[in-house]
Amino acid sequence: RGERTRAPDSDGVRRLPLASPTARFQPSTFTFPTEIGCFSFGPDRVAQQQSRAELKYYCEPDPGCNLSDGFPDRFIQRAPTAEHLDALLECLDDVNATRRDLAKEPIRPALCTWRGIMTKIMCTPYSTRDEWQLNATLFKGTVFLEEREEPEAAAAKYGRSDRDRLFTYWGYKFESLATVPVPPSQLQPDDPVLRERSAQVVDTNVQFCSVFRATLGKHDMVLGGEVDCLIREPRPDERVQNAYAELKTNRVITDPRQQNSFEKFKLLRVWAQSYLAGVPNIIFGFRTDDGRLSHTKRFETAELPRLVRGKPGMWDPNRCIAFAAECLTFIRDAVTVDDRRTVYLVRFNPSALAVEIHPAETDSPRAFLPGVYLEAKSV
Ligand code: 0WD
Ligand code: CA
């Protein structure tokens, strides 16, 4: 530790080797995130700032319901357009403009990105075969990260086979069947809202995103992440986050091998994802091979590490946190040119088992900070 090479190699690339299971990173900490703002995307994919319009309530779906229903005619899948961090930055600017009016210091985090990027970084010690590539830009003291995806790869994901699209649909259909726009306590058993659930168009443009502030090691971060629903009505004296829930689907588990893989891979990812955003509840919809909902099961995010602890080959949340903190320090140390047109490539290289930071590209065609943010009232 500490002696890990941070200076560039002869090829100009800086490398942070993934610690082996025996050579651990310094333990680090993550503070429970606090929501500072939010936004909703409607079917038009325009972000309504500070709107909870698309935050729905969980409502137990009917067992045995058909997740294929409505496919493909009632499925609107968002086109893979590069949205960058636009809605998130607009939200942060909005929050800072309000703070300025209250004579409060603006929030200028060390890092600002989508929660999904941090999930990837956090899971890296246990997902060593999965490459990731990020664009990084330092602007006015904040490092911004976005996914670097070649247009061909994005298009390939979108234009997959009908079978693949159906699998994707099942996940969204579960969300649609398991949520209602008003608290279920306000609904009668025969309320039309309940029946309308199954007739709804599944539109992946529609999303509610929470924007929150958290500290990882010595770094403060502002992250934005999609929140699926509220599990109950939040009490007036508590943070709304306490009632947030993540919805997931999984094939029904029928043998110990599947249980092991579920715990090892799926629970790690959903733990990291939910933990980062302070989402305390996770609801799994288990489905059959032909897309019927079998049953649902609730987990508390905080109980997942305990559920896998001590089992061979499982993950350790402290290792995820320690690695992510180290990775952030590595990025902060290497991304030093404060310029909106300068972009660094940050990459996890599975064959070298190392995070790499490539030399800065100045006046880069990949520059991704939007005009609205650059000209913002609060920057
Ligand atoms: O275009 C892209 N490459 C991505 C866009 C990748 C990841 C996220 N996003 C967008 C999301 O659409 C959202 O507006 O960033 C925003 C925040 O997302 P996040 O919360 O940081 O994303 P993540 O935690 O990776 O995923 C949360 C949900 C997913 O739910 P599940 O249960 O599968 O984890 O965001 C959705 C999906 O419902 N999602 C996407 N929706 C459309 N296109 C995508 C995508 N590429 N990735 C995740
Ligand atoms: Ca989900």
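The residue numbering used here restarts from 1 in each chain and proceeds along that chain's sequence as written. By the order in which they are written, chains take letters starting at A while ligands take numbers starting at 1. Where totals are concerned, whole chains, interfaces and linings use all residues; where local detail is concerned, this predicted model gives features only for residues with pLDDT of at least 70, and gives and counts side-chain atom pairs only at 80 or more. Excluded from the side-chain calculation are hydrogens and water; included are all heavy atoms of the structure.

### Brief notes about the overall build of the protein
What counts, and what does not: The way it works is that DSSP assigns letters per residue, a run of H or I at least four long becomes a helix, a run of E at least two long becomes a strand, and they are numbered from the N terminus. For this measure, only C-alpha atoms enter the radius of gyration; the expected value for a globule follows 2.2 Å times N^0.38, where N is the number of residues. In this analysis, two residues are considered to be in contact whenever any of their non-hydrogen atoms come within 4.5 Å of each other. In this description, accessible areas are obtained by the Shrake-Rupley approach with a 1.4 Å probe, and a residue is regarded as covered only by the protein chains that are shown. By the counting rule applied here, Lys and Arg register as positive and Asp and Glu as negative, while His and the ends of each chain are not counted. Here the site of a charge means NZ on Lys, CZ on Arg, CG on Asp, or CD on Glu.
On a plain count of helices and strands, the protein comes out with nine helices and 18 strands. Its C-alpha atoms give the protein a radius of gyration of 21 Å, within 12% of the compact-globule value 21 Å for 379 residues. Taking the intrachain contacts of the protein between residues at least 6 apart in sequence as the baseline, contacts between residues at least 24 apart amount to 73%. About 17900 Å² of surface is accessible on the protein, with carbon and sulfur atoms providing 49% of the total. Here the protein contributes 52 positively and 53 negatively charged side chains, and the mean placements of these two sets differ by 5 Å.

### What to know about the nonpolar core
The line we're drawing: Buried Ala, Val, Leu, Ile, Met, Phe, Trp, Tyr and Cys residues form a nonpolar core when they are joined through side-chain atoms within 4.5 Å. Only protein chains enter the accessibility calculation, which uses a 1.4 Å probe; a residue is then buried when its area is under 20% of its type maximum, exposed when over 50%, and partly exposed in between.
Met-118, Ile-121, Leu-145, Leu-216, Met-221, Trp-271 and Val-355 are the most contacted members of the largest nonpolar core, which has 68 residues in total. In terms of residues, this core owes the most to one element, helix 8 (residues 317-334), which gives eleven residues. Formed by 21 residues, the second largest nonpolar core is a distinct cluster that contains Phe-41, Ala-87, Phe-139 and Leu-369.

### Quick notes on the packing of helix 2 (residues 115-123) against helix 6 (residues 256-277)
The criterion, for reference: An axis is simply a line fitted to the C-alpha atoms; with a helix, the fit covers only the stretch in contact. Between two such axes, the angle follows the N-to-C directions and lies from 0 to 180 degrees. The labels follow the angle: roughly parallel below 35 degrees, roughly antiparallel above 145, roughly perpendicular from 65 to 115, and oblique for the rest. The sense of a crossing depends on the near helix, which, turned anticlockwise from the far helix by less than a right angle, makes the crossing left-handed and, turned clockwise, makes it right-handed. Any residue outside Ala, Val, Leu, Ile, Met, Phe, Trp, Tyr, Cys, Pro, Asp, Glu, Lys and Arg is labelled polar, Gly included; the first ten of those are nonpolar and the last four are charged.
Running from N to C, helix 2 and helix 6 cross one another at 130 degrees; their axes reach a closest spacing of 9 Å. With respect to helix 6, the element helix 2 is oriented oblique. For helix 2 against helix 6, the interelement crossing comes out right-handed. Packed against helix 2, whose contacting residues are Arg-115, Met-118, Thr-119, Met-122 and Cys-123, the element helix 6 presents Leu-268, Arg-269, Trp-271, Ala-272, Gln-273, Tyr-275, Leu-276 and Ala-277 at the interface. Along the lines of polarity and charge, the residues of the contact of helix 2 with helix 6 split into nine nonpolar, two polar and two charged.

### Regarding the coordination of the calcium ion (ligand 2)
Ideal geometry at a metal centre: 109.5 degrees between donors when four sit tetrahedrally, and 90 or 180 degrees when six sit octahedrally. The following threshold applies: Here a donor is an N, O or S atom found within 2.8 Å of the metal, or within 3.2 Å if the metal is Na, K or Ca; sites may look incomplete because water is not among the atoms.
Coordination sphere of the calcium ion (ligand 2), protein contribution only: Asp-228 (OD), Glu-246 (OE) and Leu-247 (O), at 2.3 to 2.5 Å. Site description for the calcium ion (ligand 2): donor spacing in sequence, D-x17-E-L. Here Glu-246 lies in strand 14 (residues 244-251) and Asp-228 lies in the loop between strand 12 (219-226) and strand 13 (229-230), a separation of 18 residues in the sequence. An identical accessibility class is assigned to Asp-228 and Glu-246; each is buried.

### Describing the site of ligand 1
Put simply, the test is: When we say a residue is near a molecule or strand, we mean one of its heavy atoms is within 4 Å of it. Between N or O atoms, a polar contact is any pair within 3.5 Å; within protein, one atom must be a potential hydrogen donor and the other a potential acceptor, and residues adjacent in sequence are included only when both atoms are from side chains.
Surveying the vicinity of ligand 1 reveals 17 residues, the closest of which are Arg-115, Gly-116, Gln-207, Glu-226 and Lys-248. In the environment of ligand 1, a nitrogen atom lies 3.3 Å from a nitrogen or oxygen atom belonging to the side chain of Glu-147. Separating an oxygen atom of ligand 1 from a side-chain N or O atom of Lys-248 is a distance of 2.7 Å. For ligand 1, whose accessible area on its own is 750 Å², the fraction buried by protein is 70%. Of all elements in the fold, only helix 2, strand 12 and strand 14 reach the threshold of two or more residues within the shell around ligand 1. Its residues assigned to classes, the shell around ligand 1 comprises four nonpolar, five polar and eight charged.

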